[in-house]
Amino acid sequence: MGAVTGKGLSDLIREEFGLRMTFFTMFVLGVADLGNIAAEFAGLASGLGMFGVSKYVAVPLGAALVWLAVVRGSYKHVERVLLALSLIYFTYPVSAFLAHPDWKQALTDTLIPQLRLEPGYIAIIVGLIGTTITPWMQFYLQASVVEKGISKKNLNLCRVDVILGCIVTDVIAFFIVVACAATIFRSSHRQISDVAEAAKALAPFAGQFATLLFGVGLINASLMSAAILPLATTYNICEGLGFESGIDRRFREAPVFYGLYTVLILFGAGFVLIPRLPLLQVILISQIANGILLPFVLTFMLLLVNRPRLMGEYRNRPWANLVAGGTSVIMIVLTIALLWTSVSGSLR
């Protein structure tokens, strides 16, 4: 949609569904994103906490770093920095191999999962999908396509870029699950309340080197998301409400864009600095919220991408509608199951 229309997702929602629906969507997603931004800084605090760095030092420094990188840099500069940092994600596969998992069982349970009607189990599934297909990423991806000036002639290359990115992130996620299953699940520290406890569980089975790699990967992932997520939310709101937006614009050219970005970072970082805040719970709840909101965003995208007036010959094919529509239905069913099992469990 970004390449064909030259417009961001929020722009299209405003033009096609009206300002009232746009404002409601921006408000709901904005509130959810506040929790997500806080969760990224919680991940940064937890990761550096593994190395003995206080969150009262780690979070302000991280917030200042991501703010300067975006506000003082151009789009190309920010993109190159993020691409370089993404290479650190490959520490997770190394951690998984060092953990010496049962690969046959890992592959079997990946292809044939064991489903349980338990609130905790369903919540983890919703959160796992919510952190893989995030609602905010749909807005950011389309906005970035527009800002880079990608058009119809670059569409095939853009599609390869997106599909390759999806495959890499899912493969990395697989290795994270394997690493944790082979260490934390096998240890006596299954009920963990922070990442430092997870590190303690990793060490006896995978060694200190794997623990170090896991921590570095978490810090890197949190820093990247702490930069991108406020940016995605800012694009989302500014596009939807008609304000100037874009990293290549100066502060004076897009004051609302940069002002909102600054406020989001200050809120996310400030929230995490609350004493005795359960950081791991903040991370988990924010991802569950992503999973619950996902069907709403996918519905908007499906309605837009199937409009001949907007997309012409590039409108969705039936198989793509089936995949996206099926994902929406699955998420709705999982959300209902989560609510039902939670309520029925509390009434017992």
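In what follows, the structure referred to is the one given above.
As the structure is a prediction and not an experimental result, all values here were calculated from the model.

1. Some remarks on the overall build of the protein chain
The helix and strand inventory of the protein chain stands at 15 helices and zero strands. Rg of the C-alpha trace for the protein chain: 20 Å, near the compact-globule value of 20 Å for 348 residues, within the 12% margin. For the protein chain, the spread of C-alpha atoms along the three principal axes comes to 60 × 45 × 45 Å. Every one of the 348 residues in the protein chain was classed for burial, and the buried ones make up 45%. In the form shown here, the protein chain has an accessible surface area of approximately 18,300 Å², with 69% of it arising from carbon and sulfur atoms. Each charge sign in the protein chain was given a centre, from 25 positive and 19 negative side chains, and these centres are 1 Å apart.

2. A closer look at the side chain of E16
Relative to the assigned elements, E16 resides in helix α2 (residues 9–17). On the accessibility criterion, E16 (18% relative accessible area) is buried. Of the polar contacts made by the side chain of E16, one reaches the side chain of R307; its length is 2.6 Å. Aside from chain neighbours lying at most four places away, what touches E16 is L304, R307, R309 and L310.

3. Some points on the state of the cysteines
Evaluated as defined, the whole model comprises zero disulfides. Free cysteine: C158, not disulfide-bonded; nearest cysteine sulfur from C166 at 11 Å.

4. Re helix α10 (residues 155–183)
An ideal rise of 1.5 Å per residue puts 42 Å on 29 residues; α10 measures up with 42 Å between its terminal C-alpha atoms. Among all positions in α10, only L155, C158, I172, F175, V178, A179, A182 and T183 are buried.

5. Here we look at unusual backbone geometry
A negative phi holds for most residues other than glycine; trans holds for most peptide bonds. Non-glycine residue H100 carries a positive phi angle of around 50°. Within the element layout of this structure, H100 appears in the loop between α6 (91–98) and α7 (103–111). On the basis of relative accessibility, which here comes to 60%, the residue H100 falls in the exposed class.

6. Section: the nonpolar core
One broad rule of soluble globular proteins: the nonpolar side chains tend to lie buried together. Judged by nonpolar contacts, the single largest core of 40 residues is most densely connected at F41, L231 and V272. Within the residue set of this core, elements represented by two or more residues are α3 (19–49), α4 (55–71), α5 (75–86), α9 (135–147), α11 (195–241), α12 (255–272) and α13 (279–305). The leading source of residues in this core is α11, at 11 residues. Grouped together as the second largest cluster of nonpolar side chains are 28 residues, V4, I13, V305 and L334 included.

7. A short note on the side chain of Q138
Positionally, Q138 belongs in helix α9. On the accessibility criterion, Q138 (15% relative accessible area) is buried. Polar contacts involving the side chain of Q138 include one to the main-chain carbonyl oxygen of T134, which spans 2.8 Å. Excluding residues that lie within four positions of it along the chain, Q138 makes contacts with L9, I133, V297 and M301.

Thresholds, definitions, all that
- Residues numbered from 1 in each chain as written.
- Predicted model: local features only at pLDDT ≥ 70, side-chain atom pairs only at ≥ 80, totals over all residues.
- Heavy atoms only, no water.
- Helix = DSSP H or I, 4+ residues; strand = E, 2+ residues; numbered from the N terminus.
- Rg over C-alpha atoms; globule rule 2.2 N^0.38 Å.
- Buried < 20%, exposed > 50% of the residue type's maximum accessible area, 1.4 Å probe, protein only.
- Areas by Shrake-Rupley, 256 points an atom, 1.4 Å probe, with all protein chains shown as cover.
- Lys, Arg positive; Asp, Glu negative; His and termini not counted.
- Charge placed at Lys NZ, Arg CZ, Asp CG, Glu CD.
- Polar contact = N/O pair within 3.5 Å; in protein donor to acceptor, adjacent residues only side chain to side chain.
- Contact = heavy atoms within 4.5 Å.
- Disulfide = S-S within 2.5 Å.
- Expected span 1.5 Å × (residues − 1).
- Core = buried A, V, L, I, M, F, W, Y, C linked by side-chain atoms within 4.5 Å.

Read these as layout, nothing more, since geometry by itself doesn't imply function.
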